[in-house]
Structure formats: C-alpha cells, structure tokens
Amino acid sequence: MMISLRSFSYLFMLSVALLSCKQVEKSKASYSLENKLNADRMDEIIKLNLSDVLSKLKVDEKSLALSVPYQLIDTDVDGKNDQLIFLSDFKGKELKNINLQELLTTETLEFPKRTQAEISHKVSGKWEGREYIGGHFENTNHLAVPPEHTDHSWFIRYEGPGWESDKVGYRFYLDWRNATDIFGKKTPNMVLQDVGQDGFDSYHEEADWGMDVLKVGESLGVGSLGMWLNNKAERVAETSNLDVKILDNGNIFSRFRTSYNNWNIDNKKITLLSDISIAAGSRMSHQEITLSENVDNICTGIVKHKNGSLISMSNKRNSGWGYLATYGKQSLNDDNLGMAVLFKNDDLIEVTEDDHSHVLVLKPKFKKLDYFFLAAWELEKDGITSEADFIKYLNESVEALNQPITINN
C-alpha cells in the first residue's frame, strides 16, 4: 500500500498499530510543529525523542508501527535507538498540531524507498599484488579495507561507499584519494544497487538512470575532507587503516561511518570519524566529524572548473549558515551542474584556493565539526537549470538551516 507524502493536511494523524488486540483504550502523543519561515517546506525531517514518544503512547519499541514513513535512529551509535524521525510538509508560517495515536490493527504498510547507503566488494576471487582477480560483488554492512587495496584494485564496486536520495547520488574513493564524486540521477528511484555491475566503470557513460557527472582528479571533488597546510588542501591520504560501517539504510534516512585510523598529517597521527547522511527529498549530504585530538583546521571545498562560476555567501559576524558554491557547464556530460558546501559562519577561518580546488578552511570545536555539501544536475527530474535558480535554492536551503522546524510538546 503506497501513501503519498504530499497528502499531509493541516491537522494530520500519525497512527500506531499495536500488536496486542486486547487493548481498547487509545493513547496519544501530541506535538506542535511550527514553520517560522514565510515559505513552503517539503519533506522536512522531524526528529522526536523516542523515549518520550513511547512513554506517551504506552507502547514499547518492538510494537511501534506508524502509518507514515518513519525510522528509528541510534544517533550516538551506542547500540540503542534514541530518536524517531518522520517526514512532513509545511506551508509558509504554518503551525501544525499532530497526534501520534495507536490503532488496534496489525496492518502492515509499505513505503517507497527514497534513500540508500551501501558498500559492496568482491568475494570468491583472489588478490594478486594490488589487484583483486575474479569473484563477484556482494554488499556488506561493514568493511575493513584490506591492506592490499588501493585505487583501481577492482575490489570495491564504484571504488567506495555510495549513498543517494531520490534527487542525487554520491560516492567517495575509499583509498588514498579520499575524494567525493557525484552520481547525477534522472530518476527518483534508487539506482546505486545496479551501478558498476555491468562493467567496473561503466557509470562514466550516460545511461537511463544517469551517470557519474564529475571529474575529481587531484581536487576536493565536492565536500571532501582535508587539512589546509602550506597553502594546499591535503586530503586524508595516509592512514594505518580504513573502516566503513552502514549505520542506517532506510526509506527516508541513510547514514554511514568511516573510521580513518592514524591519519598521518602535520606531524600528528589522528583518528577521524566521519558520519555522512542523506534524507529523502534532499540533495544535501550532512558530514559530521569527530577527531581524536584538537587540530588547527579541517578544510573542504569544491573542484575548480573553467566553466564554473564561483558563488559565495558568508559572514563571520553572523552565527548562521553560509555557503561556497559553483555553477555552470562543468559536468562530464557538458551540462549544467551546481555544487556547494554549506557551513556555519562561526566555524569559518578563511575562504581560499589552491591549484585544484576552491577551499573552505574551518575550525573544529571540541574536536567536532559538521557541514553540508550538495550537487544539482540539470538533467535530474525537475532539475535546476539556471544559475539564478541555483542561487535561489541555496538561499532557501540556508534559510531552512537557520530556522529549523520548532517542536513543542
């Protein structure tokens, strides 16, 4: 049974199905949600404290089932779910009251899958030096990268973890390059499960689903991690080992963690944890970083392209969000592609560049840092096709980050 995500009314119901048919009294959990912006907002992720929801509904986690797309999330990755998230649409300046209410039914509802995260590597083959010969690809939830692996080892499908929404897909090279690439999509359907199955790098050619649209080279690609040293962005290249875990692979939210152990940089060896997530209906990837010790900076940025116009909005005196972006005919298919990194103005040290990238130098606080990065390809379904529309989209995205949906009990 499919339910449209556009069918939310001003007063709508999240219904909970109980497995016990003996209970006759219905409990409910009420919340008030407010969009303070004078603009419509679609597919907003609403985050609720799970224990509060369960307490109000008087149910346990195992018997919870909602009639709208939702997920349970372990935000601190301690093995216990602590957050319930779901999607909602809002009109400008809308105040919406919701009741989470239990129903006496065991009906099972199915919802479209709108996000995905995966890592896939070969099995049943063998290593010959730095190349993996033979075998076939299988997905896994955890991969400790073998010491033999490097670029073009033919071991990992599309060379690293991949993640996508119904808007766009991404991957990064899980080796010394450690740079993020973009899969432009023509369809809202999930596609990564098929990418690279019919030839190791066939995704460089345009297909019905889309294609790899970015040449990364020695650059930061879009949103890649690094450190600004000696007037150059140094990517996370030299580590003792790499480890990837898929934390969430859900219908509306997907997330994975990469552990960079003993990153050898600036005469230090630092362990860096990187959580990247994506939500349904969004082009934005959220990068959340935890460091084993304080560092002077973390940098990120966007590949330089001769056809890419540089767009920037930042204000160090403003505690809100800013962005660094490019737009133009800079895709591998020679069509319009917009790329951006969204950052907290409080974190900004400087906007600079090196030979390959436009660079943001950011300051971690308390060994943590987070930012967003995104891509918008003009051939995506209902895509952004002009620089003016891309700037409008970026400004709206920053406004939404600066004014999150307010949740009251």
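Described in the following lines is the structure provided in the data block. Only a predicted model underlies this, so the values are computations on that prediction, with no experimental measurement involved. (Residues numbered from 1 in each chain as written. Predicted model: local features only at pLDDT ≥ 70, side-chain atom pairs only at ≥ 80, totals over all residues. Heavy atoms only, no water.)

### What about unusual backbone geometry?
Right, on to step 1. Non-glycine residue V77 carries a positive phi angle of around 55°.
Right, on to step 2. Inspection of the secondary structure puts V77 in the loop between β4 (70-73) and β5 (83-90).
Right, on to step 3. Of note in this structure, Y158 is not a glycine but carries a positive phi near 40°.
Right, on to step 4. Summarising the element assignment, Y158 is placed in the loop between β9 (142-144) and β10 (162-165). (Helix = DSSP H or I, 4+ residues; strand = E, 2+ residues; numbered from the N terminus.)

### As for the sheet that holds strand β7 (residues 115-128)
Hydrogen bonds along the backbone pair up the strands of a sheet, which may run parallel or antiparallel.
Right, on to step 1. Read across the sheet, six strands follow the order β8-β7-β10-β11-β12-β13 without closing on themselves; strand pairing throughout is antiparallel. A strand with exactly one partner marks an edge of an open sheet, and here the two such strands are β8 (131-140) and β13 (210-212). For this sheet, the mean inter-axis angle between neighbouring strands, taken without regard to orientation, is 20°.
Right, on to step 2. Pairing geometry for strand β12 (residues 180-185) and β13, over three bridges, is antiparallel. Among the inter-strand pairings, K185 is bridged to a residue of β13, identified as G210. (Pairing = 2+ DSSP bridges. Axes fitted to C-alpha atoms, helices over the stretch in contact; angles between N-to-C directions.)

### Quick notes on the environment of N251
Right, on to step 1. For N251, the position within the fold is in the loop between β16 (241-249) and β17 (253-265).
Right, on to step 2. By relative accessible area, which is 27% here, N251 ends up partly exposed.
Right, on to step 3. Beyond its immediate sequence surroundings of up to four residues, N251 is in contact with Q71, F111, P112, K113, R114, T115 and A280.
Right, on to step 4. Looking at N251, its side chain comes within polar contact range of the main-chain oxygen of F111, at 3.3 Å. (Buried < 20%, exposed > 50% of the residue type's maximum accessible area, 1.4 Å probe, protein only. Contact = heavy atoms within 4.5 Å. Polar contact = N/O pair within 3.5 Å; in protein donor to acceptor, adjacent residues only side chain to side chain.)

### Focus: the pairing of strand β20 (residues 298-303)
Right, on to step 1. Burial of β20 is extensive: six of the six residues sit out of reach of the surface.
Right, on to step 2. Pairing of β20 with strand β25 (residues 357-362), which is carried by six bridges, proceeds in the antiparallel orientation. By the bridge assignment for β25, I298 is matched with L362.

### Concerning the sheet that holds β5
Right, on to step 1. Here we have three strands laid out as an open sheet, ordered β3-β5-β4, and antiparallel in their pairing. Sheet topology places β3 (41-49) and β4 at the edges, where each strand pairs with a single neighbour. Going from strand to strand, the sheet's axes swing by 30° on average, the running direction of each strand aside.
Right, on to step 2. Of the strand pairs in this sheet, β3 and β5 are connected by seven bridges, and their pairing is antiparallel.

### Some remarks on the nonpolar core
Right, on to step 1. Within the largest apolar cluster, 70 residues are counted, with the highest numbers of intra-cluster contacts made by I182 and F390.
Right, on to step 2. Element by element, the count of residues in this core is highest for strand β26 (residues 368-377), at eight residues.
Right, on to step 3. With near-sequence residues (within four places) excluded, F390 lies in contact with I311, A325, T326, Y327, G338, M339, A340, L374, A376 and I384.
Right, on to step 4. Within the second largest apolar cluster, 19 residues are counted, among which are I46, L57, L64 and F86. (Core = buried A, V, L, I, M, F, W, Y, C linked by side-chain atoms within 4.5 Å.)

Interpretation note: all reported values are geometric properties and have no functional meaning in isolation.
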